[in-house]
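A structural walkthrough
Chain by chain, the residues run as shown.
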Amino acid sequence: MAPAYLFFDDDGSSISSFPISSEEVTSEYSRFLEATEEAKFDVGALRDKARSEAGEEQAAIFDAHLMMLDDPEMKESVRLGLSSLLMNAESVIFSLEREMIDKLSSSQDPYMQERASDIHDVVRRVLRHLLHREHIDLAGIDRDVILVAKELLPSDMVTMIRSRIKGIVTESGGRTSHAAILARLSRFPPSSASAVSSRT
């Protein structure tokens, strides 16, 4: 038993969108590449933390995130999006994220559906660096709570203070999501953490 703690990710609600000239495509793409490198540094630290606290299987989740950040096809999609849409990098990346998540979410394969949260996690980290915006994480929780969220990302699971989380309720995400796997296999007391999905 513990009070509910509502965690809301609103990173996508304030993405700026504005036109750019063809001469600005190169500089916008450079901004994206710089943000990607900064995101890789963050994810590397999360991987090391996951390895030390939960083991190699959990660290491999963030190895997959690093692979996404290094994916040449993803980088080329951003470059082509900038050239064709002539919109700022944040807007192009957000549009590509929505497209990828919609495709994964419409899959009949539950495993593919759950990978949408990994795309969301990686893209949000890149966007935060582009926008120079700090993410409100769960490391500051200083009392026992039941965590309630629309969705929890793998990075959220690693940064939270697990001893304070007595249960987890999410609107989306199933038992095969990487966040749920981290919840079950990291240092939660055996019966304290559960993920509840109410996806319709």
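Residues numbered from 1 in each chain as written. Predicted model: local features only at pLDDT ≥ 70, side-chain atom pairs only at ≥ 80, totals over all residues. Heavy atoms only, no water.

Glancing now at the overall build of the protein. Looking only at helices and strands, the protein features 8 helices and 3 strands. The order of α-helices and β-strands along the protein, N terminus first, is β-α-α-α-α-α-α-β-α-β-α. Taking contacts inside the protein between residues at least 6 apart in sequence as the whole, the part at least 24 apart equals 68%. When the accessible area of the protein is evaluated, it comes to approximately 10600 Å², of which 56% is carbon and sulfur surface. (Helix = DSSP H or I, 4+ residues; strand = E, 2+ residues; numbered from the N terminus. Contact = heavy atoms within 4.5 Å. Areas by Shrake-Rupley, 256 points an atom, 1.4 Å probe, with all protein chains shown as cover.)

Attention now moves to the packing of aromatic side chains. Taken as a whole and assessed by the stated rule, the structure comprises 1 aromatic pair. Ring geometry for Tyr29 against Phe32: centres 5.9 Å apart, planes inclined by 35 degrees, an arrangement best described as tilted. Taken together, the residues span about one helical turn, with Tyr29 and Phe32 both in helix α1 (residues 25–54) at a distance of 3 residues. Phe32 shares its class with Tyr29; the two are buried. (Phe/Tyr/Trp six-rings, centres within 6.5 Å; stacked < 30°, edge-to-face > 60°. Buried < 20%, exposed > 50% of the residue type's maximum accessible area, 1.4 Å probe, protein only.)

Axis separation between helix α2 (residues 56–70) and helix α3 (residues 72–85) bottoms out at 5 Å; the angle between their running directions is 45 degrees. Put simply, α2 runs oblique to α3. Between α2 and α3, the contacting residues are Met68, Leu69 and Asp70 on the first element and Pro72, Met74 and Lys75 on the second. (Axes fitted to C-alpha atoms, helices over the stretch in contact; angles between N-to-C directions. Parallel < 35°, antiparallel > 145°, perpendicular 65-115°, else oblique.)

Applying the stated rule across the entire model yields 15 salt bridges. Between Glu37 and Lys40 there is a salt bridge, with its nearest N and O atoms 3.3 Å apart. Remark: Lys40 and Glu37 occur in helix α1; sequence separation between them is 3 residues, near one turn of the helix. With relative accessibility at 44%, the residue Glu37 sits in the partly exposed group. When the shortest N-O distance is used, the salt bridge between Arg51 and Glu56 registers 2.8 Å. By sharing partners, the salt bridges in this structure join Arg47, Asp48, Arg51, Glu56 and Asp63 into a single network. (Salt bridge = Lys/Arg side-chain N within 4 Å of Asp/Glu carboxyl O.)

Next up on the list: the packing of α1 against α3. Put simply, α1 and α3 touch, their axes get as near as 9 Å, and they point 150 degrees apart. Comparing their axes, α3 and α1 come out roughly antiparallel. Considering how the two elements wind past one another, α1 and α3 form a crossing that is right-handed. Two secondary-structure elements touch here, α1 through Val25, Glu28, Tyr29, Phe32, Leu33 and Thr36 and α3 through Met74, Lys75, Val78, Arg79, Leu82 and Ser83. Taken together, the residues of the contact of α1 with α3 break down into 7 nonpolar, 2 polar and 3 charged. (Left-handed = near helix turned anticlockwise from the far one by under 90°. Nonpolar A, V, L, I, M, F, W, Y, C, P; charged D, E, K, R; others polar.)

Moving on, we come to the sheet that holds strand β1 (residues 4–7). Pairing is parallel in the open sheet, where 3 strands are placed in the order β1-β2-β3. On the outer flanks of this sheet lie β1 and β3 (165–170), each paired with one strand and no other. Taking the axes of each pair of neighbouring strands and ignoring which way they run, one obtains an average angle of 25 degrees across the sheet. (Pairing = 2+ DSSP bridges.)

This part is about the layout of surface pockets. Its boundaries defined by the atoms lining it, the second largest pocket holds a volume of some 410 Å³. Along the wall of the second largest pocket there are 19 residues; nearest its centre are Asp71, Met74, Leu96, Met100 and Ile119. Sorting the residues of the lining of the second largest pocket by element identifies α2, α3, α4 (89–105) and α6 (116–131) as the ones contributing at least two each. When residues in the lining of the second largest pocket are grouped by element, the largest group, 7 residues, is from α4. Here the lining of the second largest pocket is built from residues that sort into 13 nonpolar, 1 polar and 5 charged. (1 Å grid on protein atoms, 1.4 Å probe; cavity = no way out; pocket = protein on both sides within 12 Å on 5 of 7 lines; lining within 4 Å. Points joined across faces, edges and corners; volume = space filled by probe spheres on them.)

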